[in-house]
Amino acid sequence: MSVTRRQALQIGGVGIIGAFGLAVPLTSVNAKSASQLASRNMPKPFQRTLPIPEVLRPSSTVVDPDGHKRHLYKIEQKAALANIVPGLSTPILGYNGTFPGPTIKVNQGERITLEMDNVLPLFHPQWGYRLDTSTHLHGSASLPQFDGYANDLTGLGYCKDYEYPNFQPARTLWYHDHAVHNTAQSVYSGLAAQYHLHDEVEGSILPQGRFDVPLTVSDAMFAANGSLGYNDNTHSGLWGDVILVNGAPWPVMKVQRRIYRFRILNASIARSYRFSLSTGDAMTIVATDGGLMPAAQQVTNWRHGGAERYEVLIDFSKYPVGKRVELRNLSNKNNVDYDFTNRVMAFDVTDEPVDTSGPGARVLPTLLAPSTAMSLKTSDSVKTRRMRVKRDLDVWTIGGMTWDEVVESGYRKVLANPDLDDVEIWEIENSSGGWFHPVHIHLVDFQVLSRNGQAPFAHERGPKDVVYVGEGETVRLLMKFEHHRGRYMIHCHNLPHEDHDMMAQFSVGIDTNDPDPNHPVEAVKPHLINQTAPAQGTEAPAPQTTEAAEVATPVTTTPATSPVASPPAPAPAAAPVGQKDVVTITSARHRLRKDMTFSGTSRYAGSTAATSATIVLYDVTPGRAAARLGTVKANSLGNWTLAVKPGPAKQVTAVKAESSAGGTATASVRTS
Ligand SMILES: [Cu+2]
């Protein structure tokens, strides 16, 4: 693979010549710049407004047989052009064509099925490798077949329906590409986005809405034509000279004089940061990778490695109007720094009237929330395992293992095999010198017990799934292997390290020689975009459809409530206050290339009063993204009918009605 990669770089590279072409251990290197942009195209700090990624809306919401809501989302991975540097456009790969991709927001207990389409070019336009993808939702205890296993690849023209359980406590997650050997370049090209899981605890104490701000921080270097440059210094890492926040170089955000919550994700493929404020003031860390900490921590700076998430409160009420507060980067050992990599973004304090309506506007919390990981005791542990992270010749290893060995073993080889619900201590040692390794363990949240025998840093005293293992450091981690049986990855989140080949796997509660119903590659396959997924055993099977039924059978009737941050449906003037209608589908038929007719009613519960509601009908045929079929208004008797000729080109087998008065219903569709 590494030979192929080098060839690809020679053929498709953009000619960035790094100053550090050999894999020499880095202490700290300073240089002027890495990009080859003309000075008029080189971005300067604090010229751009901070962009906020769009919040993705579900195409529809259904109710699982056990009563849990399930939001259906669809994303296209595609090539696009981004405006990052002045005067030039930059080719990227993006979720729905943006970098970062759209933010997904969901409440605890509500599930998500995400149809992830691959409509990327077959080969990377610059670097030549084949653009197969695997999507990992980092921070989610997903089943193995939905965890973005490196070899669970979705090729061009295919999609995979990922299921996300969202039963865990509130946290900041992110979804990103995890394709075997190409994760670094695909994430660097733009396949990364935030995902926010909300719950009632977090929702009552921390700022929400526009005061709950995602900050996805990354770095990049650019060729003279504005395209991304790539030089990973013989798989040591890439250190760009331009710092991006939400895809914009060194942006500025206007703030009110109140407390803001920032969800800071380090999406750099190698660089680590040490964030601080230009004022030297403390910031309040309230959440780590796995959600709320037991207690808030005041820090003036913190070390932040790749893929780590910290939720940080900054109180701007103490600054005068007109004050500019910069978020800076003090950097850490083993990074390469350039003239402006010590700056990240700036906040301008405005005289805008202060909105204090939501939680957390004025008071910094102190006590937050307990969690499983932070409540574990070392006496719960049944086993201690030790592993080293290091470079052996020209390949990176973890616990003496590489991912190629896992693949060659037919996915049988494991680094560890805890039983379900076992608690273990894992000790990770980085003694080879010259590098830091942010190590990510899939599935679990862990507690950092110690670093070199000392207490963990203040900022990491919360549930974690990535731990920064700096040069000469040994960390002890305590974790419980709960929720799911199966195979999960463990790897370095310096992505060139991960790709070459610092990744292994562990098994939970299974013998990898036995058949595995949750096999990460075999259990749920990708399928052609716009075609129904083949039937396969999954945690929550799609509702059965009865295509030959004479009359459609109502499957569910439930008041629809919107997912996080969605506006309430407009209620008709005559609606009883606070009451939702009951929607019924009485007949549903779609004869392909002939006609399509749906009829039903909309009334208030316990009465015959009609609603004069507007009904939107969706195609919710299992295995493909929901699509809008049409809109119809209920008449004065509360009856409605939608008739279309010849109807959609693809057979509809399930339909959902959503009323403007709040009710929904789902039914199977007669096809003859
Ligand atoms: Cu590493």
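Thresholds, definitions, all that
Residues numbered from 1 in each chain as written. Predicted model: local features only at pLDDT ≥ 70, side-chain atom pairs only at ≥ 80, totals over all residues. Heavy atoms only, no water. Core = buried A, V, L, I, M, F, W, Y, C linked by side-chain atoms within 4.5 Å. Buried < 20%, exposed > 50% of the residue type's maximum accessible area, 1.4 Å probe, protein only. Contact = heavy atoms within 4.5 Å. Helix = DSSP H or I, 4+ residues; strand = E, 2+ residues; numbered from the N terminus. Lys, Arg positive; Asp, Glu negative; His and termini not counted. Salt bridge = Lys/Arg side-chain N within 4 Å of Asp/Glu carboxyl O. Polar contact = N/O pair within 3.5 Å; in protein donor to acceptor, adjacent residues only side chain to side chain. Phe/Tyr/Trp six-rings, centres within 6.5 Å; stacked < 30°, edge-to-face > 60°. Lys NZ or Arg CZ within 6 Å of the ring centre and 35° of its normal.

(A) Up close: the nonpolar core. Counting residues in each nonpolar core, the largest one holds 102 residues, and the members touching the most others are F262 and F316. Every residue in contact with F262, bar those within four places of it in the chain, is listed here: V213, L215, M253, Y310, E311, V312, I314, F316 and F347. Among the nonpolar cores identified, the runner-up in size contains 39 residues, and V180, I398, W426 and V475 belong to it.

(B) A look at the side chain of E482. For E482, the location among the structural elements is in the loop between β31 (473–480) and β32 (486–492). Although buried, E482 forms no salt bridge, and the nearest oppositely charged side chain, K480, lies 4.1 Å from it. In this structure the side chain of E482 is engaged in a polar contact, spanning 3.5 Å, whose partner is the side chain of H483. In this view, E482 contacts T372, L420, D421 and L443; residues no more than four positions away in its chain are not counted.

(C) The packing of aromatic side chains, seen in detail. Throughout the structure, instances matching the rule amount to 25 aromatic pairs. Seen in terms of ring centroids, F262 and F347 are 5.0 Å apart; in terms of plane orientation they differ by 45 degrees. Their pairing is tilted. Of this pair, F262 sits in strand β16 (residues 259–266) while F347 sits in strand β24 (residues 343–349), and the two are 85 residues apart along the sequence. Assigned by exposure class, F262 and F347 land together as buried. Measuring from centroid to centroid gives 5.4 Å for W426 and F481, while their planes differ by 40 degrees, and the two rings are tilted. Residue W426 is located in strand β27 (residues 423–430), and its partner F481 is located in the loop between β31 and β32; the two are separated by 55 residues in the primary sequence. Of the two residues, W426 and F481, both sit in the buried class. Pairwise contacts between aromatic rings join F211, Y260, F262, F316, Y319 and F347 into one cluster. The side chain of R258 reaches across the aromatic face of F211, ending 3.6 Å from its centre. The side chain of R258 reaches across the aromatic face of Y260, ending 5.9 Å from its centre.

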